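# Observations on chain architecture
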Amino acid sequence: EITISESNRNLIRKADLALGDLASGGLLTTEQSDEFFRQLVLAPTIIGQSRAVQMTSPKREINKLGFGTRMLRPAVASTALSQSDRYKPELGRVTLDTVEVIAEINLPYAVIEDNIERGNVNFAGPNSDPKPVMQGFKDSIMAMMAQAAARDLEELALQGDTGSGDAYLALLDGWLKQTTSNTVDVASAAIDRQMFKAGLKAMPDQYLRDRSQLRNYVAHDQETEYRDTVASRETAAGDRVVEKLGPVWAFGVPVEPAGLMPVAQGLLTFPKNLIFGMQRDISIEVDKDIRARTFIIVMTARIDFKIEEEIAVVKYFNMGTP
C-alpha cells in the first residue's frame, strides 16, 4: 500500500518530467504555440474579439485597402473616364512591431500535494502509466498561464502608454492612447444614452452603415450603471435587463464590459479593427528550487497592439465615476 507522502513524492517526480518535457530548448513546438495562442484568444477578454494575428517574426506589415470615398462617376457613352476621374483606393499599411514580455511563475510542491489529497489528480501509484498525469498537469499549467496572460495583455492593450510610470504599461501605446481623431469628453457626467449618442455622432458616417457590428466597450462598473439606467424604465425591455444577463444596447450598438478598461474611459469601434499580434516563438523554460520546494516556470513572448483604421474608433474619456 502506498502512503500519501510516497504518492506525493512520485507525482512531484512526474511533474518534474512533465515540465521538463514542455518544450525543447525553451521554445514551444508549433503545435504547442498554436494551442497556447488559441487558449489565449478564447479567454473572456476584449482580445478574444479583436483581430488576432500570429507572427513568424518580430515585425509584420498588414496591407489595407479602403473604398471610403465616392467611387461612381457619371457615364458618357463610348467615352472612357479621364485620369482625374479614375478611382484611387485608399492604400495603407499597419506595422506590427513586437515588444518582449516575461512572466515568472513559482509553483510550490504543496500546491501539487494538496491537489492529490483533494482527489483532483488521478494518481494510481508508482507503477501506473505516468502519461495521463503528465499530460493533464501540462495542460492545466498551459491553460492557467494562457488565462492569466490574456488578462494581463488586455491591460496592456487598453492602458499601454509609453509615457507611463508603470514599466509594464510603458512597453507600448495601447488602443486608448492610439485613438486621437475622434474623442468624446463626457465632462465627468454619469454614463447615459447621451454619451453614446455623442459617440455615434463623432464616428465618421461611412462606418455607421451597420451599427450592430460596432461595440461600445466600457468598464464593468460603467456597464452595470448603464444597465441600471435602462432597467429603471417601466417597460418590458427594462424588466429583461434586470432579470437576465443579456446584451444591453445604446442606439443599436451593444454595450459590453471590458475587464481592464479604465473606469473613466471607453471605446466605440469594430472589434476586428483592433489588432493583437503575437510572435509564434513563445519560450517556456523550467527550473526547480529543491530548497524552497518550488517549480520555477519562466515564459517570454513578443506582442504588439495596433488599430487598423484609427479614424474608425471613438474614445470616451472623463466619464463620471460610478
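Keep in mind it's a predicted model, so treat the numbers as computed, not measured.

### Observations regarding the overall build of the protein
Per the secondary structure count, the protein includes eight helices and 13 strands. Of all 322 residues assigned to the protein, the portion counted as buried reaches 41%. Sequence-distant contacts, at least 24 apart, represent 79% of the contacts inside the protein between residues at least 6 apart. Accessible surface for the protein amounts to roughly 17,700 Å². Of this, 50% is attributable to carbon and sulfur atoms.

### Quick notes on the pattern of salt bridges
All chains considered together, the criterion is met by twelve salt bridges. Put simply, K59 and D97 hold a salt bridge, and the shortest N to O gap is 3.8 Å. Here K59, found in strand β2 (residues 59–66), pairs with D97, found in strand β3 (residues 90–97); they are 38 residues apart in sequence, far enough to count as distant. As a salt-bridge pair, K177 and D161 come within 2.8 Å of each other at their nearest N and O atoms. Here D161 lies in the loop between α4 (131–159) and α5 (175–178) and K177 lies in helix α5, a separation of 16 residues in the sequence.

### Quick look at helix α6 (residues 193–202)
Inspection of α6 places M195, F196, G199 and L200 among the buried residues, and these make up the whole buried set. Seen end-on, α6 carries its buried residues on one side only, within an arc spanning 135°. For α6, the N-terminal capping position is held by D192, with its side-chain oxygen 3.1 Å away from the main-chain nitrogen of Q194.

### Details of the side chain of Q279
Its place among the elements puts Q279 in strand β10 (residues 274–279). Residue classification places Q279 among the buried positions, given a relative accessible area of 7%. Ignoring any residue separated from it by four or fewer positions in sequence, one finds Q279 in contact with M55, T56, S57, P58, T98 and R302.

### Quick word on the environment of Q159
Along the chain, Q159 falls in helix α4. Linking Q159 and W175, residues 16 residues apart in sequence, is a C-alpha distance of 7.5 Å. Each residue touching Q159, except ones within four places of it in the same chain, is listed here: L169, L260 and P262.

### Observations concerning helix α7 (residues 220–231)
The end-to-end C-alpha distance of α7 is 16 Å, a good match for the 16 Å that twelve residues give at a rise of 1.5 Å each. For α7, every residue scored as buried is listed here: Q222, E223, Y226, R227, V230 and A231.

Conventions adopted
Residues numbered from 1 in each chain as written. Predicted model: local features only at pLDDT ≥ 70, side-chain atom pairs only at ≥ 80, totals over all residues. Heavy atoms only, no water. Helix = DSSP H or I, 4+ residues; strand = E, 2+ residues; numbered from the N terminus. Buried < 20%, exposed > 50% of the residue type's maximum accessible area, 1.4 Å probe, protein only. Contact = heavy atoms within 4.5 Å. Areas by Shrake-Rupley, 256 points an atom, 1.4 Å probe, with all protein chains shown as cover. Salt bridge = Lys/Arg side-chain N within 4 Å of Asp/Glu carboxyl O. Arc of directions from axis to C-beta. Polar contact = N/O pair within 3.5 Å; in protein donor to acceptor, adjacent residues only side chain to side chain. Expected span 1.5 Å × (residues − 1).

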